[in-house]
Amino acid sequence: MKRGDLLHLGNACLLFLCVSMYLGTGWSLVLFSFPIASQLTVDNYFLQFVPQVQAATRFFTGMTLVMLLSSLVLAWRERRTSLRWYPLMVLLAVVVATLLTRIFIFPYNAEMASGITSPERLTEVLGAWMRMNRVRVGLWTVQWVSMLGYFVHRLLRAEHPAGKRWPRFGLSVPPRREVHA
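Residues numbered from 1 in each chain as written. Predicted model: local features only at pLDDT ≥ 70, side-chain atom pairs only at ≥ 80, totals over all residues. Heavy atoms only, no water.

(A) The arrangement of the environment of Trp-140 in detail. Assignment of secondary structure puts Trp-140 in helix H4 (residues 119-159). Exposure remark for Trp-140: the relative accessible area of 4% places this residue in the buried category. Between the alpha carbons of Trp-140 and Val-90 there is a distance of 8.8 Å; along the sequence they are 50 residues apart. Look past the residues within four positions of Trp-140 in its chain and what remains in contact with it is Tyr-22, Leu-23, Gly-26 and Ala-97. (Helix = DSSP H or I, 4+ residues; strand = E, 2+ residues; numbered from the N terminus. Buried < 20%, exposed > 50% of the residue type's maximum accessible area, 1.4 Å probe, protein only. Contact = heavy atoms within 4.5 Å.)

Set out below in structure tokens:
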């Protein structure tokens, strides 16, 4: 394997790591944090919510920049193959999730960080925040499934080179049109 191929594979693995971190964080929220939202009050929500969200925001801001660059590099590298669609889907989902976060979720984060004193407002803000985050978790899931698809596609292509039949399914793999720069 050439050095360029190793770097290419390393970049794809880095992107898969990043989308996996988003997937895990998102589904952890949905499965473990959202169910206790009804128990949060104006007296206890801050410690349960604000420091974690602020730390996650700092970390994921840098990681999102890495993901944008990594998906662009991967799409460029695969530009002459059908594999290009996977990192392009990741890129699109990252951009949409980032816009959703900046436009809709960050204002709720800021309001909770500033200190909500009304129980009614806390219920309203938490409800809206969770709805937006469910959408974002959906986008993070799309990112992860896209990268999984990328690796599955590569694996199937390696196991069943162009023109050979897949005996189990009676299918043949279309010829590859690949030219890497």
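(B) Just helix H1 (residues 3-33), in detail. The terminal C-alpha atoms of H1, which comprises 31 residues, lie 43 Å apart, in line with the 45 Å expected from a rise of 1.5 Å per residue. Contacts made by the buried residues of H1 are with helix H2 (45-77), helix H3 (85-114) and H4. (Expected span 1.5 Å × (residues − 1).)

(C) Broad picture of the pattern of salt bridges. A full pass over the atoms with the stated rule returns 4 salt bridges. Glu-78 is the salt-bridge partner of Arg-154, the closest N and O atoms lying 3.8 Å from each other. Placement of the pair is Arg-154 in helix H4 and Glu-78 in the loop between H2 and H3, with a sequence separation of 76 residues. Accessibility expressed as a relative area gives 25% for Arg-154, which makes it partly exposed. Given the relative accessible area of 1%, Glu-78 is considered buried. Of the charged contacts, one joins Glu-111 and Arg-121 as a salt bridge, the two residues approaching to 2.6 Å between their closest N and O atoms. Separated by 10 residues along the polypeptide, Glu-111 in helix H3 and Arg-121 in helix H4 bring together distant segments of the chain. (Salt bridge = Lys/Arg side-chain N within 4 Å of Asp/Glu carboxyl O.)

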